[in-house]
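Below are the chains, spelled out letter by letter.
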Amino acid sequence: MKNLPAKIVGSVVSTRERGATAVEYGIMVALIAAVIITVVTLLGSNLSSMFASVADKI
């Protein structure tokens, strides 16, 4: 019973840390998705123009 307040505080702190970690992972996933979308968009337009020039030469 003597360590009960310490256990309660410890469980609250660990829950908050887990929540913070989940938020950090969510932010990282969102940034990675934004980078992937940007790269695919840029490469998609470049590839489209490249295929169009090849089709014109044929």
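This text follows the structure it describes.
Residues numbered from 1 in each chain as written. Predicted model: local features only at pLDDT ≥ 70, side-chain atom pairs only at ≥ 80, totals over all residues. Heavy atoms only, no water.

Trainee: Report on the overall build of the chain, specifying residues and quantitative values.
Mentor: Of regular secondary structure, the chain possesses one helix and zero strands. Each of the 58 residues in the chain was classed as buried or not, and the buried ones make up 0%. As displayed, the chain has an accessible area near 5300 Å², and 73% of this comes from carbon and sulfur atoms. (Helix = DSSP H or I, 4+ residues; strand = E, 2+ residues; numbered from the N terminus. Buried < 20%, exposed > 50% of the residue type's maximum accessible area, 1.4 Å probe, protein only. Areas by Shrake-Rupley, 256 points an atom, 1.4 Å probe, with all protein chains shown as cover.)

Trainee: Break down a nonpolar patch on the surface for me, citing the residues and quoting the values.
Mentor: Taken together, V35, V39, L43, L47, M50, F51, V54 and I58 make up a surface patch of nonpolar side chains, about 810 Å² in accessible area. Locating L43 in the fold gives a position in helix α1 (residues 4-57). Under the relative-accessibility criterion, L43 is labelled partly exposed at 48%. (Patch = residues over 30% accessible without salt bridge, like charges linked within 9 Å, V, L, I, M, F, W, Y side chains within 5 Å. Salt bridge = Lys/Arg side-chain N within 4 Å of Asp/Glu carboxyl O.)

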